[in-house]
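Chains, contacts and geometry: an overview
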Amino acid sequence: MDNNLITETENTSEQIACIKCGSPQILAGYPNKLCADCRQQLIKFPIPLWVKLFGAGIALVMIISFIWLPGNLSAAIALSRAEKAEKSHDYITAQNELKKAQNNAPHAIEILSHLTIAAFHNGDFKTVLEASDKLQGKEIEDTALYNELNNVITQTNEYFPSDTFKTSFKKYKNLVIPDSAYRTYIKKNPMDIYTIVALASSYSDNNDKYQNADTLLSKAIAIDRSYIPALYLKTMIKRELNQPDSSIYYCDQVLLINHQSTYALSSKARTFLKVGKNKEGLLLAKQCYQLDADMPYNLATLALAYHFNKDFKQRDAILDSVKKDSTNAPYITYVKDIISNKIKFQN
Amino acid sequence: MFFIPGVLMSILTFPGVIVHELAHQLFCRWFNVPVFKVVYLKTGNPAGYVLHETVSNKWHAMLISVGPFFVNTIIGAFIAFPASIPVFQFDNATPVDYLLIYLGVSIAMHAFPSVGDGKAIWQTIKESDTPLIVKIIGYPIIGLIYLGSLGSFFWLDLAYGIAVAVGVPKLVVGFVA
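Residues numbered from 1 in each chain as written. Chains lettered and ligands numbered in written order. Predicted model: local features only at pLDDT ≥ 70, side-chain atom pairs only at ≥ 80, totals over all residues. Heavy atoms only, no water.

1. Details of the overall build of chain A
Looking only at helices and strands, chain A has 17 helices and 1 strand in total. The C-alpha atoms of chain A give a radius of gyration of 35 Å, which is well past the 20 Å a tight globule of 347 residues would have. The principal-axis extent of the C-alpha atoms belonging to chain A is close to 115 × 50 × 35 Å. Out of the 347 residues belonging to chain A, those deemed buried represent 46%. The contacts of chain A with a sequence gap of at least 6 include a subset with a gap of at least 24, amounting to 49%. Working note: accessible area of chain A is about 18600 Å², and carbon and sulfur atoms make up 54% of it. (Helix = DSSP H or I, 4+ residues; strand = E, 2+ residues; numbered from the N terminus. Rg over C-alpha atoms; globule rule 2.2 N^0.38 Å. Buried < 20%, exposed > 50% of the residue type's maximum accessible area, 1.4 Å probe, protein only. Contact = heavy atoms within 4.5 Å. Areas by Shrake-Rupley, 256 points an atom, 1.4 Å probe, with all protein chains shown as cover.)

This is how it looks when you write it as structure tokens:
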């Protein structure tokens, strides 16, 4: 593959005519005796048509590349940032970056795989299902990514009722499942973590059953120490049982898995508020709001934090802004009950 | 390890040879240097060459020799850049992406100046009237050209082509992200 560049040796003979056309009017000062016309012709040595066409083809390909470059580059940058965020367990940042990447490359296997993982850790199961559906039948070359994805999809199944559960509780289609039915089912299926947490959750509205809920959640965590709904609920139950250190411990367990778990940060903020650490609580509540300004639980926590920090103007502004949305109602009612002392929140 | 003759490699990566020779010719045209013959592609060694008048301006002589290095590198990198992302990062490449990668690598791997190019620079800068700065820049370039030529025996040119087509996009993305 040697692309030689050969230089013409100088004419040493006493040639007085143009070496190309024989004209006597040669231009002086150059190594080769050439007349002005021939020199110009040779400077513009003709490029064959096929080379011109080839060059035009290369130019066209470059134009196509230029057109594709911005989209692919920004998607690649977003993916790279998402991978970094994923490594740091900052799954909200990861998911936001992956959504940007997905706009430019909606079917990219790498993006969909990471999106499934990030969405799982953020509890966004709608995205988990959508992204994993698109991955059906696709080959994932990265073994580590494939294993992690498999793990996430297996774990996702634990977040939904099993077929056995559905069959067993078919008759309670639109009714509240009684305690006894749950307990009988759990006896038969002691490893069904979904049902254990569902029963604990049904106890979480009743002050008298917090202890029962706590016991069930400990059982669930013993089965899977990274089962997020159990850890979430544990942070709340421990707070309500006046065990703030324990509540914060479980918040931190969730935060170890996902540094940006807004629920864990919000719950930790509430625990700080409960023990009178109002400034710390407000700081965390603001952090949650920055991460997710739409989550009703975060908004309610921020309103509570402003309340205990006596910033009533900001508190009321939040309550006013969210009252239009009916999905916020239970959270806002809880805050209003605390404000009106109907519920005694702080010790 | 199996042996692929250089001639066969030149045929397989012919776009790079043509771009290399065309770049020599265009640099000659840019510096008003008459060209006597251009062979854009042939079977054999060298795979192409440009026969031109001896250049009196030392800088021009050097740029005519090393110009294709920059032209092939830049064109190869630009063509391969957007395609290397779906191929190596997104895992969702189309045949067009592979075609662009092939073109990018083919062009970039012929960026290295040939020994002939090195000899042309040597002829130019060995003269006594060559400015010192040209010699300071020129001699290391000649050294690198000969090293590159030696390295091509170990597919250094192909490695360079792949580095330009694949490595540059990764570096850029990593740096910006």
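2. Describing the interface of chain A and chain B
Tallying the contact residues gives 49 residues for chain A and 64 residues for chain B. Buried surface at the junction of chain A and chain B, summed over both partners, amounts to about 4900 Å²; 67% is from carbon and sulfur atoms. Where chain A meets chain B, there are 1 salt bridge. A salt bridge links B:E53 to A:R39, with the nearest nitrogen and oxygen atoms 2.8 Å apart. The interface formed by chain A and chain B holds 11 residue pairs in polar contact (both at pLDDT 80 or more) in total. Elements supplying a minimum of two residues to the side of chain A that touches chain B: β1 (3–8), α1 (36–43), α2 (49–87) and α4 (109–121) of chain A. (Buried area = accessible area lost by both parts, 1.4 Å probe. Salt bridge = Lys/Arg side-chain N within 4 Å of Asp/Glu carboxyl O. Polar contact = N/O pair within 3.5 Å; in protein donor to acceptor, adjacent residues only side chain to side chain.)

3. Quick word on the domain arrangement of chain A
All names here are of chain A. Here chain A is described as being made up of domain 1 (49–157) and domain 2 (163–339). Computed over C-alpha atoms, the centres of domain 1 and domain 2 are 33 Å apart. Across the boundary between the two partners, domain 1 contributes 9 residues, which contact 9 residues of domain 2. Summing the contributions of domain 1 and of domain 2, the shared interface buries around 740 Å²; its carbon and sulfur component is 38%. Looking only at domain 1, the three residues that lose the most surface to domain 2 are H89, I92 and H121, adding up to 57% of its buried area. Joining domain 1 to domain 2, the criterion identifies 0 salt bridges. On the surface where domain 1 and domain 2 come into contact, there are 10 residue pairs in polar contact (both at pLDDT 80 or more). Counting residues per element, the side of domain 1 that touches domain 2 draws most heavily on helix α3 (residues 91–104), at 3 residues. (Domains from an automatic or database assignment.)

4. Side note on a nonpolar patch on the surface
Residues A:L60, A:I63, A:I64, A:I67, A:W68 and B:V96 make up a contiguous nonpolar surface patch of roughly 550 Å² in combined accessible area. Residue contributions to the nonpolar patch peak at 5 residues, all from α2(A). (Patch = residues over 30% accessible without salt bridge, like charges linked within 9 Å, V, L, I, M, F, W, Y side chains within 5 Å.)

5. A look at the UniProt feature "transmembrane region" (unreviewed entry) in chain B
All names here are of chain B. Cross-referencing UniProt, the feature "transmembrane region" (unreviewed entry) maps to residues 61–83, 95–112, 132–152 and 158–176 in the present numbering. The span residues 61–83 carries 100% helix and 0% strand; its end-to-end C-alpha distance comes to 35 Å. A helix fraction of 100% and a strand fraction of 0% characterise residues 158–176, whose end C-alpha atoms lie 27 Å from each other. (UniProt positions renumbered as here; feature names shortened; annotations may be inferred.)

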